[in-house]
Amino acid sequence: MTAVAETILVLNAGSSSIKFELFDVAPGDRLASRFSGQIEGIGVRPHLYARQAGGETLVDRTVALEEAADVERAMGVVEAWLAETLDGPPAAVGHRVVHGGPVHAAPTAVDERVLATLETFVPLAPLHQANNLAPIRSLLRRRPGLLQVACFDTAFHRGHGELADRFAIPEALWEEGIRRYGFHGLSYEYIASRLPELAPEIARGRVIVAHLGSGCSMCALREGRSVESTMGFTALDGLPMGTRPGQLDAGVVLHLMRAKGMDATALERFLYHECGLKGLSGLSNDVRVLLASEDPRAKRALDFFTYKIAQMTGWLAAALEGLDGFVFTAGIGENAPTIREAVAHRLAWLGMSLDPRANAVHGPLISAPASRIRVYVIPTDEELMIARHTLAILRRCGPEGAA
Ligand code: ADP
């Protein structure tokens, strides 16, 4: 009988989809992606799709609505398909969990007690946390012996100084957890882990990473550690995004409540889905569409976007007391040379300039030889970061996750 390959399963559950990626643990604990996929349209028109790392489609089929009416049942569909496809269960499962609250500064093995703590953070991230936890709860019940590891978007920022994490509001609210947490931490941690190899000359210096995807934020790294983030209490703050406004005077929210009669539900919908590049352009939340458009509103939205990235760079450079390097990552950061050029142009005063040819082919090094700031494009990989953390806990604590 051949030995069953050791694998790590990574899950990222949202409100209408569960994304998954399976990694093989190769000799020397090297992680190699075997396949990735998702079940999307949960509760509406569920569809299961997966493809091999090489590109070959493994499954592409509609799922009956009653089989995937909610995240928990959809998890059952994914599990059944995995059981058909794999020659044995994964050694451990790593989950992306948006909020680790003030306490979790590192990934953690999850049992009933940890899950109960993570549930208390649901009000801090109402759109994400409950969905992230649903597959954990379902697997804890059905596979009590399986090691599950929660990896948090907030954890990488927990080393911030208190000044960075505070709002100027009464102390009692800080005690209740109303503070700046920062997000996209798994992406920043992955980029920080790549710097020594790809950009050794800045890895121990002061670096700003711009994660520009459907959500956008920036992080200030000193010696590979996060010291400041543009996102705060929620993933609404900081840069404008596809459909979120970023930094917004709290007085605007008060005005919308008073003058337009908007309640919390209406405001939440508005702030998460109707603002940002979509609201500003009136056209689209997708940077590809805006770049291709001749409409002056598209240009205005993109100008605003690069203006705010440049402004926030000044803000983060002040926190770092200088700047050595700048990294672009995620969908827009990795694929849009025009946006990178516009940002660099606005930051010429800081001594940033790009090599147009290197920028056109996405680097990795895209700054001109004379640029004072070294600028890179580095593709992010949050799933691989989760798989690494999960394997580390498996090796440290064993399959039961006992400390
Ligand atoms: P997610 O947060 O969903 O993982 P991504 O990091 O994949 O998001 O980023 C998605 C966004 O990236 C899209 O909304 C789109 O605006 C942008 N994008 C993707 N490809 C390109 C491209 N070639 N040029 C400009 N923008 C792009």
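The structure presented is a predicted model; accordingly, all values stated were derived computationally and were not measured.

**Q** Describe the overall build of the protein, listing the residues and the values that go with them.
**A** When helices and strands are counted, the protein shows 15 helices and 13 strands. Taking 2.2 N^0.38 as the reference for a compact globule, 403 residues should give roughly 22 Å; the C-alpha atoms of the protein span a radius of gyration of 22 Å, in line with that estimate. Over its C-alpha atoms, taken along the principal directions, the protein stretches across nearly 65 × 55 × 45 Å. Counting the 403 residues in the protein, one finds 51% classified as buried. Here the contacts in the protein between residues at least 6 apart in sequence split such that 63% fall between residues at least 24 apart. When the 40 positive and 46 negative side-chain charges of the protein are each reduced to one mean point, those points stand 4 Å apart.

**Q** So what about unusual backbone geometry? Which residues, and what values?
**A** A cis amide bond links Gly363 to the next residue, Pro364, at an omega of 20°. Within the secondary structure layout, Pro364 lies in the loop between α14 (356-360) and β13 (374-377). With a phi angle near 60°, Asp29 is a residue other than glycine that sits in the positive phi range. For Asp29, the position within the fold is in the loop between β2 (18-26) and β3 (30-40). According to the relative accessible area criterion, Asp29 is partly exposed, its value standing at 33%.

**Q** Let's hear about helix α8 (residues 264-273): which residues, and what values?
**A** Within α8, burial applies to Leu267, Leu271 and Tyr272. In an axial view of α8, the angular spread of the buried residues amounts to 115°, which keeps them on one side of the axis. Residues of α8 that are buried make contact with α7 (250-260).

**Q** Residues and numbers for the packing of helix α2 (residues 112-119) against helix α3 (residues 129-142), please.
**A** Packing of α2 against α3 leaves a shortest axis separation of 11 Å and a crossing angle of 165°. Taken as axis vectors, α2 and α3 run roughly antiparallel relative to one another. Once α2 is placed against α3, the crossing between them reads as left-handed. Here Glu112, Leu115, Leu118 and Glu119 of α2 come into contact with α3, specifically with Gln129, Leu133, Ile136, Arg137 and Leu140. When its residues are assigned to classes, the contact of α2 with α3 shows five nonpolar, one polar and three charged.

**Q** Requested: an account of the site of the ligand, with residues and values cited.
**A** Near the ligand the following residues occur: Gly213, Ser214, Asp286, Val287, Arg288, Ala330, Gly331, Ile332, Asn335 and Ala336. For the ligand, the accessible surface in isolation is 580 Å², of which the surrounding protein chains cover 66%. Taken together, the elements giving at least two residues each to the shell around the ligand come down to α10 (287-292) and α12 (330-335). Ranked by the residues each element gives to the shell around the ligand, the list is headed by α12, at four residues. Classifying every residue of the shell around the ligand by side-chain character gives four nonpolar, four polar and two charged.

**Q** Help me get a handle on the sheet that holds strand β9 (residues 206-212), residues and values and all.
**A** Strand pairing within a sheet occurs via backbone hydrogen bonds; the two strands may be parallel or antiparallel. One open sheet accounts for five strands, arranged β11-β10-β9-β12-β13; its pairing is mixed. The open sheet terminates on both sides in strands that have one partner only, identified here as β11 (225-229) and β13. Shown here is a sheet whose adjacent strand axes are inclined to one another by a mean of 25°, direction ignored. Where β9 and strand β12 (residues 325-329) come together, five bridges link them in parallel fashion. For Ala210, the partnering residue across the bridge sits in β12 and is Phe328.

**Q** Can you tell me about the nonpolar core, naming the residues and giving the values?
**A** Counting residues in each nonpolar core, the largest one holds 56 residues, and the members touching the most others are Leu212, Met218 and Phe326. By residue number, the principal contributor to this core is helix α11 (residues 296-320), which donates nine residues. Not counting residues within four places of it along the chain, the set of residues in contact with Leu212 comprises Leu239, Phe305, Ile309, Phe328, Thr329, Ala330, Gly331, Ile332 and Gly333.

**Q** Quick one: what's the story with the sheet that holds strand β5 (residues 57-62), residue by residue and with numbers?
**A** The strand order across the open sheet formed by eight strands is β5-β4-β3-β2-β1-β6-β8-β7, and the pairing between neighbours is mixed. Pairing within the sheet leaves two strands with one partner each, and these edge strands are β5 and β7 (108-109). Here strand β6 (residues 92-97) runs beside strand β8 (residues 147-152); their pairing, made up of six bridges, is parallel. For Ala92, the partnering residue across the bridge sits in β8 and is Leu147. Where α3 meets the sheet, its contacts fall on β1 (7-13), β6 and β8, and the angle it forms with β6 comes to roughly 160°.

**Q** A description of the pairing of β6 should follow, citing residues and the corresponding values.
**A** For β6, the buried fraction is high: six of the six residues fall into the buried class. Sheet analysis places β1 next to β6, joined by four bridges and oriented parallel. Pairing of Leu9 across the sheet is with Val93, part of β6.

**Q** Lay out the side chain of Thr306 in plain terms, naming residues and giving numbers.
**A** Here Thr306 is to be found in helix α11. Filtering out sequence-adjacent residues up to four positions away, Thr306 remains in contact with Ile339, Ala342, Val343 and Arg346.

**Q** Hey, could you go over the packing of aromatic side chains for me, with residue numbers and the actual values?
**A** Using the criterion set out here, one finds four aromatic pairs in the structure. Judged by centre distance (5.9 Å) and plane angle (45°), the ring pair of Phe20 and Trp81 falls under tilted. Of this pair, Phe20 sits in strand β2 while Trp81 sits in helix α1 (residues 71-85), and the two are 61 residues apart along the sequence. Taken as a pair, Phe20 and Trp81 share a single burial class, namely buried. When the centroid spacing of 6.4 Å and the interplanar angle of 35° are considered together, the rings of Tyr181 and Phe233 count as tilted. Of this pair, Tyr181 sits in the loop between α5 (171-175) and α6 (185-198) while Phe233 sits in the loop between β11 and α7; the two residues are 52 residues apart in sequence, bridging distant segments of the chain. By way of ring pairs, the aromatic residues Phe20, Phe35 and Trp81 are connected into one cluster. A cation over a ring is seen here: Arg166 above Trp174, with NZ or CZ 4.1 Å from the ring centre. The positively charged end of Arg179 is found above the aromatic ring belonging to Trp174, 4.4 Å away from the centroid.

What counts as what
Residues numbered from 1 in each chain as written. Predicted model: local features only at pLDDT ≥ 70, side-chain atom pairs only at ≥ 80, totals over all residues. Heavy atoms only, no water. Helix = DSSP H or I, 4+ residues; strand = E, 2+ residues; numbered from the N terminus. Rg over C-alpha atoms; globule rule 2.2 N^0.38 Å. Buried < 20%, exposed > 50% of the residue type's maximum accessible area, 1.4 Å probe, protein only. Contact = heavy atoms within 4.5 Å. Lys, Arg positive; Asp, Glu negative; His and termini not counted. Charge placed at Lys NZ, Arg CZ, Asp CG, Glu CD. Arc of directions from axis to C-beta. Axes fitted to C-alpha atoms, helices over the stretch in contact; angles between N-to-C directions. Parallel < 35°, antiparallel > 145°, perpendicular 65-115°, else oblique. Left-handed = near helix turned anticlockwise from the far one by under 90°. Nonpolar A, V, L, I, M, F, W, Y, C, P; charged D, E, K, R; others polar. Near = heavy atom within 4 Å. Areas by Shrake-Rupley, 256 points an atom, 1.4 Å probe, with all protein chains shown as cover. Pairing = 2+ DSSP bridges. Core = buried A, V, L, I, M, F, W, Y, C linked by side-chain atoms within 4.5 Å. Phe/Tyr/Trp six-rings, centres within 6.5 Å; stacked < 30°, edge-to-face > 60°. Lys NZ or Arg CZ within 6 Å of the ring centre and 35° of its normal.

Just distances and angles here, no functional claims.
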